[in-house]
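# Structural characterization, general
Here is how the chains run, residue by residue.
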Amino acid sequence: MSRRPGSAFPALWESLLPIGRDAGTGGYRRFCWSPAELECRAWFQRAAADRGLRARADGNGNLYAWWDVPAASLAGEAGGSGGLLPRAVATGSHLDSVPDGGAFDGPLGVVSAFATIDQLRAEGFEPARPIAVAAFAEEEGGRFGVACLGSRLLTGAIDPATARGLRDAGGVTLGQAMHAAGHDPAGLGPDDELLARLGCYVELHIEQGRKLDGLGAAIGLAESIWPHGRWRLDFTGRADHAGTAALADRADPMLPYAHTVLAARNAAAEHGALATIGKVTAQPGAANAVSSAVHAWLDVRAPGTSSLDGTLDQVLTAAAAAAQAHRVAFSWHQESSTPAVEFDSALRARLAGALAGRGITAPVLPTGAGHDAGILAARLPTAMLFVRNPTGVSHSPAEHADPGDCAAGVTALAAVLRDLAGR
Ligand code: GLV
Ligand code: MN
Ligand code: MN
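A few points on the structure. (Residues numbered from 1 in each chain as written. Chains lettered and ligands numbered in written order. Predicted model: local features only at pLDDT ≥ 70, side-chain atom pairs only at ≥ 80, totals over all residues. Heavy atoms only, no water.)

### Some points on the coordination of the manganese ion (ligand 2)
How we decide: Think of the donor list as every N, O and S atom within 2.8 Å of the metal, or within 3.2 Å for Na, K and Ca; water never makes the list, so a site can look incomplete. For helices the rule is a DSSP run of H or I covering at least 4 residues; for strands it is a run of E covering at least 2, with both sets numbered from the N terminus onward. Here's how the labels work: a residue is buried when its accessible area is under 20% of the maximum for its type, exposed when over 50%, partly exposed in between, all with a 1.4 Å probe on protein chains only.
Around the manganese ion (ligand 2), the protein contributes the donor atoms Asp105 (OD), Glu140 (OE), Glu140 (OE) and His395 (NE2), at 2.0 to 2.6 Å from the metal centre. The sequence pattern formed by the donor residues of the manganese ion (ligand 2) is D-x34-E-x254-H. The distance between the manganese ion (ligand 2) and the manganese ion (ligand 3) comes to 3.7 Å, and Asp105 binds to both of them. Linking Asp105 in the loop between β3 (88–94) and α3 (107–122) with His395 in the loop between β15 (382–387) and α13 (403–421), this pair joins segments that are 290 residues apart in sequence. When its relative accessible area of 40% is taken as the criterion, His395 is described as partly exposed.

Structure below.
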């Protein structure tokens, strides 16, 4: 039996689409271990069960659906000596979202992976090594603040006790949230046995930018990820009456905060970097009171470490000076940090070859966005396929990929998995 390329995609995509979408904004609120994200997990289990794939969660809450290979058809590592199981080819992405995120960031990779398995089976493909579809937990850090938390835990890039104690905006810890969802937080931590079973990881993802559109290409390959990180900035002043406190008497944390927003923009422009303050809270939050405290989250990304450090130093120095000028206390705390990642060049060349074999030319692009493939790159060869995003908009309800390009993504992933998991 053969199947029109990508034809399994639309129904699967439609089945995930309503979960966690806010009716007002049209954006997704799939925060890790929240009811909406648990529905996504149930969707994953169903997609696996419908395909006869063995679904498992690891101790960190990352999900895997395994296309196991019968013992008789196993290809041993390097020719099958020593009874070693061949290492699996893993693919997938994540199902959680940023607040009011788009439909594609993460889910496109997971849905495409299941659709690709359908496609390969319809074509009669029999893998010689296992294929795993993965959905990593808390990739966005949208609830507990640390991006790629599931893959960091898996690879030992974050201490499990620290992770267990991370709190969401309501004070709930990761440990409590997992426990409430029926997942034992005692299992958090590195899993070398699982990692040893993975030969490589290929993540398909919507492009977060519009370079492919400019190049007239539906599919791209990732070259590298910029170094990046998140910092929480705390400005502490004194609450006072908006109608009676004289300007000269105030210790208003909103003023150094506002100065810092502009300083971030200027520092980024000077260093060829990106700096964003996209989240801010003010206490006590009264329209008729000077704030007692302002907390802001700074995200900085840059093509290199020196431009990242230069941007950050400039912003923190400006924040400290502005705080002092307004008699406000200032402190900061790094919530997450990711060094520059160069994806495995041999694996990328292999992907390019497999794509070329299907007549697909895939430009190679760097990106400022973080991905689990970047974290896993510390432990195994990883690569990424990008699917064209005509507007480039992401982390927004306006994020979009055309159906034809989603189908092209399945065709591309099928070519790659055939090559990597075939005989
Ligand atoms: C994840 O999408 C990130 O780059 O923040
Ligand atoms: Mn994202
Ligand atoms: Mn993503």
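### A look at the nonpolar core
Cut-off, in case you're wondering: Buried Ala, Val, Leu, Ile, Met, Phe, Trp, Tyr and Cys residues form a nonpolar core when they are joined through side-chain atoms within 4.5 Å.
Counting 59 residues, the largest nonpolar core has Trp43, Phe44, Phe114 and Leu385 as its most contacted members. At nine residues, the largest contribution of residues to this core is made by α13. Core analysis: the second largest hydrophobic core is formed by 24 residues, Ala88, Ala132, Val341 and Ala373 among them.

### A short note on the coordination of the manganese ion (ligand 3)
For the manganese ion (ligand 3), every protein donor is listed as His94 (NE2), Asp105 (OD) and His205 (NE2), and the spread of their distances is 2.0 to 2.2 Å. The sequence motif formed by the donor residues of the manganese ion (ligand 3) is H-x10-D-x99-H.

### Structural notes on the side chain of Thr382
Inclusion rule: In this analysis, two residues are considered to be in contact whenever any of their non-hydrogen atoms come within 4.5 Å of each other.
By secondary structure assignment, the location of Thr382 is in strand β15. Residues contacting Thr382, with those up to four places away along its chain left out, are Tyr201, Phe343, Asp344, Leu347, Ala373, Leu376 and Ala377.

### Comments concerning the site of ligand 1
For the record, the criterion: Residue proximity to a molecule or strand is established when one non-hydrogen atom of the residue lies within 4 Å of it. Here a polar contact means two N or O atoms within 3.5 Å. Within protein one must be a hydrogen donor candidate and the other an acceptor candidate, and residues neighboring in sequence count only if both atoms are side-chain atoms. We call Asp, Glu, Lys and Arg charged. Ala, Val, Leu, Ile, Met, Phe, Trp, Tyr, Cys and Pro are nonpolar, and the rest, Gly among them, are polar.
Close contacts around ligand 1 come from Asp105, Glu140, Arg301, Ala369, Gly370 and His395, and that covers them all. A distance of 3.1 Å separates an oxygen atom of ligand 1 from a polar side-chain atom of Glu140. Between ligand 1 and His395, the relevant distance is 3.0 Å, taken from an oxygen atom to a side-chain nitrogen or oxygen of the residue. Class assignment of the residues belonging to the shell around ligand 1 gives a composition of one nonpolar, two polar and three charged.

### Regarding helix α9 (residues 254–271)
Which entries qualify depends on this criterion: The span you would expect from a helix comes to 1.5 Å times its residue count less one. Working definition: the arc comes from the directions between the helix axis and the C-beta atoms, pointing outward to the latter.
Here α9 is 18 residues long and its end C-alpha atoms lie 26 Å apart, about the 26 Å a rise of 1.5 Å per residue gives. Buried within α9 we find Pro256, Tyr257, Thr260, Ala263, Ala264, Ala267 and Ala268. On an axial view of α9, the arc spanned by its buried residues comes to 130°, and they lie on one face. Exposed residues on α9 whose side chains face more than 90 degrees from its buried face are Leu262, Arg265 and Ala269.

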